[in-house]
Amino acid sequence: MQTWEEDTMISAFVNELTAKHVDYTVVPHPRTETARAEAKAVGVAPHEVAKTVVVVTDDGFIRAVVPASQRLDLHKLREAVGTIDKPRLATEAELSAAYPGFELGAVPPFGGPSGDRVFVDGRLTWEDEVVLEAGSHSESIKLHLGDLLRLSGADVADISAD
């Protein structure tokens, strides 16, 4: 059963998509804690799920988006960003403070606080549509990759581990 907070999170995200005239599908599913489990729950291959990893740099937060079948390579991300500081994964406390409207571990590639840089792994560009968490561990959004890139203002780069 969803809580009021989960309904509010997904509603705000869906309202943003609707306001920007994006075609999407809300995909309810049993609560999941990993992107691979999300893929299984919604019935798609892991490479079709866009997993968002929040990274901290001296310049602020970066949302790095990789297929659920891959792991983020922080060295490649550092090269793609072009900064001299060493990026690191955000802590739970940092995530809770920076993204209070989203469940911990369910930050989407766009929405919520603005100003984050977004990098999408090039492997995701092989997909026409992707599934992503929309602030909740029990509902996902399926949308066209082009819409994800447009809404997030993402840079596309090779940021997955080989």
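Scroll up a little and you will see the structure.
The present account deals with the structure reproduced in this document. None of these values were measured; they are calculated from a predicted model.

Criteria and cut-off values
Residues numbered from 1 in each chain as written. Predicted model: local features only at pLDDT ≥ 70, side-chain atom pairs only at ≥ 80, totals over all residues. Heavy atoms only, no water. Helix = DSSP H or I, 4+ residues; strand = E, 2+ residues; numbered from the N terminus. Buried < 20%, exposed > 50% of the residue type's maximum accessible area, 1.4 Å probe, protein only. Polar contact = N/O pair within 3.5 Å; in protein donor to acceptor, adjacent residues only side chain to side chain. Pairing = 2+ DSSP bridges. Salt bridge = Lys/Arg side-chain N within 4 Å of Asp/Glu carboxyl O.

A short note on the side chain of R63
Consideration 1: With respect to the helices, strands and loops of the structure, R63 is situated in strand β3 (residues 60–67).
Consideration 2: The exposure class assigned to R63 is buried, which follows from its relative accessible area of 2%.
Consideration 3: Separated by 2.9 Å, the side chain of R63 and the backbone oxygen of G111 make a polar contact.

Some points on the pairing of strand β7 (residues 139–144)
Consideration 1: In this structure, strand β1 (residues 24–28) lies alongside β7, joined through 5 bridges in antiparallel fashion. Bridge pairing in β7 places T25 opposite K142.
Consideration 2: Following strand β6 (residues 129–133), the chain reverses through 5 residues before pairing antiparallel with β7; G135 in that reversal takes a positive phi of roughly 95°.

What to know about the pattern of salt bridges
Consideration 1: Applying the stated criterion to the full structure yields 13 salt bridges.
Consideration 2: Of the charged contacts in the structure, one is a salt bridge between R31 and E33, with a shortest N-O distance of 3.2 Å.
Consideration 3: Accessibility expressed as a relative area gives 48% for R31, which makes it partly exposed.
Consideration 4: Residue R117 is joined to D155 by a salt bridge in which the shortest nitrogen-to-oxygen separation is 3.3 Å. With a gap of 38 residues between them, R117 in strand β5 (residues 117–121) and D155 in strand β8 (residues 155–157) connect regions that are remote in the sequence.
Consideration 5: Note on D155: relative accessible area 34%, which makes it partly exposed.
Consideration 6: One network of salt bridges, with partners in common, ties together K76, D121, R123, D158 and D162.

All we've got here are geometric facts, nothing functional implied.
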